[in-house]
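Understanding the architecture of this molecule
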Amino acid sequence: MHISSFNSVHAIMKAEDAQYVQRLILGEHSAFKFLFMKYFPKMKYFISHFVKSDAVAEELAQDIFMKIWEHREKLNNVQSFNSYVYRMSRNISLNYLEHKYVEELYMENYQEETESTIEGELYASEIELLEQLTVNQMPPQRKTIYEMSRKKGMKNEEIATALGISKKTVENHLNLALKEIRKVLTLFVVFFI
């Protein structure tokens, strides 16, 4: 086929498309069906090269034709329906890939965040358990002072008054209790984390 023959065939096809586009703008279903039957397989094939999935390509091509039907009045400004649908196909493919990338990135981060949150909660509960075990092993007065301070939120003076001992004795017992807990937790961190 000579170039001039090719150009004339192309011009005829373009003119035919233009006629169907004009009828489509007026809401003619047969014109829509003609353009759909002509371009849908090509668009699906084109899109599938981007998205690497026939099912997704089919869905995206259908979306394009839905938009074409819903916004058919905008086709008045279209010079070439062929170029128009391929540009839409390229754009929808790129948007899909971008959305997919963002979604995968989010899921990756969400999964890491969830894992680290669960891990953090496990460590926190283990540390809490170790602390309680250590407190339970303390002499009775030290245990009582520690629990009054940490669990009940009492000040040193209040504990001293409640137990009938000096504030200095309360402070000494708290310091010893905290040293014991710190020692156990340091060992836990060294051996298990």
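Here goes a summary of the coordinates provided. All of these numbers come straight from a predicted model, not from anything done at the bench.

The subject of this paragraph is helix 2 (residues 29-51). Taken as a whole, helix 2 carries its principal kink of about 40 degrees at Tyr39; the proline Pro41 stands between one and four residues after it. Taken as a whole, helix 2 has its buried residues at Ala31, Phe32, Leu35, Lys38, Tyr39, Phe40, Met43, Ile47, Ser48 and Val51. Backbone geometry just downstream of helix 2 places Lys52 in the positive-phi region, at approximately 60 degrees.

Across all of its chains, the model carries 10 aromatic pairs by this definition. Aromatic pair Phe46 and Tyr86: ring centres 5.3 Å apart, planes at 90 degrees, arrangement edge-to-face. Of this pair, Phe46 sits in helix 2 while Tyr86 sits in helix 4 (residues 81-136); the two residues are 40 residues apart in sequence, bridging distant segments of the chain. Judged by relative accessible area, Phe46 falls into the partly exposed class, the value being 27%. A relative accessible area of 24% places Tyr86 in the partly exposed class. Of the aromatic side chains, those joined through ring pairs into one cluster are Phe32, Phe36, Phe40, Phe65 and Trp69. Over the aromatic face of Tyr39 sits the side chain of Lys42, whose NZ or CZ is 5.2 Å from the ring centroid. Residue placement shows Arg72 over the ring face of Trp69; its charged tip is 4.0 Å from the ring centre.

Further remarks concern unusual backbone geometry. One non-glycine residue, Lys52, lies in positive phi territory at about 60 degrees. Take Lys52: it is sitting in the loop between helix 2 and helix 3 (54-70). For Lys52, a relative accessible area of 67% gives the class exposed.

In this fold, Asn136 is placed in helix 4. When its relative accessible area of 38% is taken as the criterion, Asn136 is described as partly exposed. At a separation of 3.5 Å, a polar atom in the side chain of Asn136 contacts the side chain of Lys143.

Here we come to the environment of Lys42. Note on placement: Lys42 falls in helix 2. Considered as a pair, Lys42 and Ala61 are 19 residues apart in the sequence and their alpha carbons are 9.4 Å apart.

Next up on the list: the packing of helix 2 against helix 3. With their axes 8 Å apart at the nearest point, helix 2 and helix 3 run at an angle of 145 degrees to one another. Judged by the sense of rotation from one axis to the other, the crossing of helix 2 with helix 3 is right-handed. Residues His29, Phe32, Leu35, Phe36, Tyr39, Phe40, Met43, Lys44, Ile47, Ser48 and Val51 of helix 2 form the contact with helix 3, whose participating residues are Asp54, Val56, Ala57, Glu58, Leu60, Ala61, Gln62, Ile64, Phe65 and Trp69.

Let's shift gears to the pattern of salt bridges. Under the criterion given, the structure shown has 7 salt bridges. Here Glu157 and Lys167 are joined by a salt bridge, their closest N and O atoms 3.1 Å apart. Taken together, the residues Glu157 in helix 6 (residues 156-163) and Lys167 in helix 7 (residues 167-192) connect sequence positions 10 residues apart. In this structure Lys167 comes out as partly exposed when scored by relative accessible area, which is 38%. When salt bridges with common partners are traced through the structure, they connect Glu157, Lys167 and Glu171 into a single cluster.

A few words now on a nonpolar patch on the surface. On the surface, Tyr101, Val102 and Leu105 cluster together to form a nonpolar patch covering roughly 300 Å² of accessible area. Along the polypeptide, Val102 turns up in helix 4. Its relative accessible area of 48% is what places Val102 among the partly exposed residues.

Within the largest apolar cluster, 26 residues are counted, with the highest numbers of intra-cluster contacts made by Leu24, Ile47, Ile68, Leu75 and Phe81. Setting aside residues up to four positions removed in sequence, Ile47 forms contacts with Ala57, Leu60, Ala61, Ile64, Ser89, Ile92 and Ser93. In terms of nonpolar packing, the next biggest core, distinct from the first, is built from 11 residues, Met148, Ala160, Val170 and Ile181 among them.

Conventions and cut-offs
Residues numbered from 1 in each chain as written. Predicted model: local features only at pLDDT ≥ 70, side-chain atom pairs only at ≥ 80, totals over all residues. Heavy atoms only, no water. Bend = angle between axes of the 7 residues up to and from the residue. Helix = DSSP H or I, 4+ residues; strand = E, 2+ residues; numbered from the N terminus. Buried < 20%, exposed > 50% of the residue type's maximum accessible area, 1.4 Å probe, protein only. Phe/Tyr/Trp six-rings, centres within 6.5 Å; stacked < 30°, edge-to-face > 60°. Lys NZ or Arg CZ within 6 Å of the ring centre and 35° of its normal. Polar contact = N/O pair within 3.5 Å; in protein donor to acceptor, adjacent residues only side chain to side chain. Axes fitted to C-alpha atoms, helices over the stretch in contact; angles between N-to-C directions. Left-handed = near helix turned anticlockwise from the far one by under 90°. Contact = heavy atoms within 4.5 Å. Salt bridge = Lys/Arg side-chain N within 4 Å of Asp/Glu carboxyl O. Patch = residues over 30% accessible without salt bridge, like charges linked within 9 Å, V, L, I, M, F, W, Y side chains within 5 Å. Areas by Shrake-Rupley, 256 points an atom, 1.4 Å probe, with all protein chains shown as cover. Core = buried A, V, L, I, M, F, W, Y, C linked by side-chain atoms within 4.5 Å.

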